[in-house]
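# Results of the structural survey
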Amino acid sequence: MSLLKRLPRGRTLGVAGAVGALVAGGLILAPMVSASASAGCRVTYTTNQWPGGFTANIGITNLGDPVSSWTLGWTFPDAGQKVGQGWSATYTQSGSAVTAKSMDYNGSLATGATTSIGFNGTWTASNPTPSSFTLNGVACTGSTTGSPSPSKSTSPSPSTSPSTPPPPTGGTPLAINGQLHVCGVNLCNQYNKAIQLRGMSTHGIQWFASCINGTSLDALANDWKADLLRIAMYVQEQGYETNPAGFTAQVNNYVDLAEARGMYAIIDFHTLTPGDPNYNLDRAKTFFASVAQRNAAKKNVIYEIANEPNGVSWQGIKNYAEQVIPVIRAADPDAVVIVGTRGWSSLGVSDGSSETEIVNSPVNATNIMYAFHFYAASHKDNYRTVVARAAKLLPLFVTEFGTVSATGGGATDLSSTSTWLDLLDQNKISYANWTYSDANESSAAFKPGTCSAGSYTNTSQLTESGTYVRNRIRTADNFPTS
Ligand code: IDC
């Protein structure tokens, strides 16, 4: 895995590299496409609609021999349905007939590989779902026509089975792991293997936007070798509530910057004061409907619906989650969602409770994880005992931790931090450190003035916390692909 970690970010091995790897593995690949080539496809088409408009998300799975480009075709059942702005394909509509042609970067589809495209559309009378699709002219029935080519029929490799994605075509965390999902108590990658993501949280993006830009995120991806950026969008304290459209756009921009560098992005609805997330329920629904629709086709987005509930019961948090999660699912059905927990996301411990209240009354939703936060100088063995126990029962994600006290300041406690991170590593619990900023407080990774100076790779600019956390994060990942 250390080999993968060392690949330059953004570099793509491409199909030729993948084929070479198969040959090197002892398989015999037919160099030519014979007349009996196999073709076939499966298409999923889901929509989120409102009066007059809709978003369509389309999954295309190639069940036949590998293709280097593709055209998906379908006919709208209603003459009033129109394709508007689309992504990940070039769309053409003539009457009710639509074609979506692949782009340079997603035209290659190995046997069994899936790619996702989508568009925003409009409708007038009704908006029925198209029922038949073609890929390169062949009907997508979910089975294949023609004989499989010899390479496929003799291949024992799971990479060519229709249910397993092909090998990764790049070395970034996102390229290797693809769309994530929750499996048991773990976070799993596209190969259904448990993984741990390690990265950094922004400070409040209303205050420290100067620290998040292409240059700083190049450093986070390439120098820190981080897998993850958490985008802390405060709702109060001059945050989202003061300018919903502006903060939504800022978050989306950071999602794109992280994606371009092969990193995952947690969209953190950073509620803090007041502590009851229901205070922001309407804002949360509006915000998540928008970001989930906009980012539905992306594989790097994880939604964190409430940062640190406090002064509120678990039942109150659960009620909130069960109203916000369906809003996200309607637009982005396959993304992982993280739910904050009682007592500043302490699994209830800071309120004298424990994980038991969640185990006994979990959020009624699938593909979700629960947040746990710690500050190493404040939270020690009694918290670790609960996390060690809860890790066997609940999918946990440490979306925020500090090496310092819960104030965000004070002395670092690197001994406690190291004990914590070892526990998280052992249980493959993903984490993000507070903060990738130059705030004048000891939890910040950079010394004051770093962000205005604009260079992020000189280690003399790191604080004690930044030095320690960078060294932990930049060790090799372990992302199994088989
Ligand atoms: C802190 C910031 C600090 C800011 C304060 C109030 O570090 O600069 O003045 O918030 O907005 C949390 C919260 C996180 C806190 C952090 C440190 O999620 O917003 O940031 N902390 O106090 N939970 C525990 C600690």
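Located above this text is the structure these notes cover.
Let me begin by describing the structure that accompanies this report. Keep in mind that what you see is a predicted model, and the values were worked out from it rather than measured. (Residues numbered from 1 in each chain as written. Predicted model: local features only at pLDDT ≥ 70, side-chain atom pairs only at ≥ 80, totals over all residues. Heavy atoms only, no water.)

### Brief notes about the sheet that holds strand β8 (residues 133-135)
What the five strands build is an open sheet, ordered β5-β6-β3-β8-β9; its pairing is antiparallel. Looking along the sheet, the strands with just one partner apiece sit at the ends: β5 (90-94) and β9 (138-139). Across five bridges, β5 lies against strand β6 (residues 97-101) in antiparallel orientation. Pairing of Gln93 across the sheet is with Val98, part of β6. (Pairing = 2+ DSSP bridges. Helix = DSSP H or I, 4+ residues; strand = E, 2+ residues; numbered from the N terminus.)

### So, the site of the ligand
Near the ligand lie 15 residues; those nearest to it are Tyr234, Glu237, His270, Glu308 and Glu441. In this structure, Glu441 approaches the ligand through a side-chain N or O atom, which is 2.7 Å from an oxygen atom. About the coverage of the ligand: the protein hides 79% of its 510 Å² of free accessible area. Classifying every residue of the shell around the ligand gives six nonpolar, five polar and four charged. (Near = heavy atom within 4 Å. Polar contact = N/O pair within 3.5 Å; in protein donor to acceptor, adjacent residues only side chain to side chain. Areas by Shrake-Rupley, 256 points an atom, 1.4 Å probe, with all protein chains shown as cover. Nonpolar A, V, L, I, M, F, W, Y, C, P; charged D, E, K, R; others polar.)

### Examining the pattern of salt bridges
A full pass over the atoms with the stated rule returns 19 salt bridges. For Arg470, the salt bridge is made with Asp223, and the minimal N-O distance between the two is 2.9 Å. Residue Arg470 is found in helix α14 (residues 464-473), and its partner Asp223 is found in helix α5 (residues 214-223); the two are separated by 247 residues along the sequence. For Asp223, a relative accessible area of 13% translates into the label buried. One salt-bridge network, in which partners are shared between bridges, spans Arg230, Asp268, Glu304 and Glu400. (Salt bridge = Lys/Arg side-chain N within 4 Å of Asp/Glu carboxyl O. Buried < 20%, exposed > 50% of the residue type's maximum accessible area, 1.4 Å probe, protein only.)

### Focus on the pairing of strand β2 (residues 53-62)
Counting buried residues along β2, 10 of its 10 residues qualify, which places the element largely inside the surrounding structure. Residues Gly53, Thr55, Asn57, Gly59 and Thr61 of β2 are buried on one face, and the alternating residues Phe54, Ala56, Ile58, Ile60 and Asn62, pointing to the opposite face, are buried as well. Sheet topology places strand β1 (residues 39-50) next to β2; 10 bridges connect them, and they run antiparallel. By the bridge assignment, Gln49 is partnered in β2 with Phe54. Where β1 hands over to β2, the hairpin turn is made up of two residues, of which Gly52 adopts a positive phi near 90°. Note that β2 and strand β7 (residues 114-122) share nine bridges and pair antiparallel. Looking across to β7, one finds that Ala56 is bridged to Phe119.

### Here we look at the environment of Asn127
Relative to the assigned elements, Asn127 resides in the loop between β7 and β8. With 47 residues separating them along the chain, Asn127 and Gly80 place their C-alpha atoms 8.2 Å apart. Setting aside chain neighbours within four positions, we find Asn127 in contact with Gln49, Phe54 and Gln81. Engagement of the side chain of Asn127 in a polar contact is seen with the side chain of Gln81, the distance being 2.7 Å. (Contact = heavy atoms within 4.5 Å.)

Keep in mind these numbers describe shape, not what the thing actually does.
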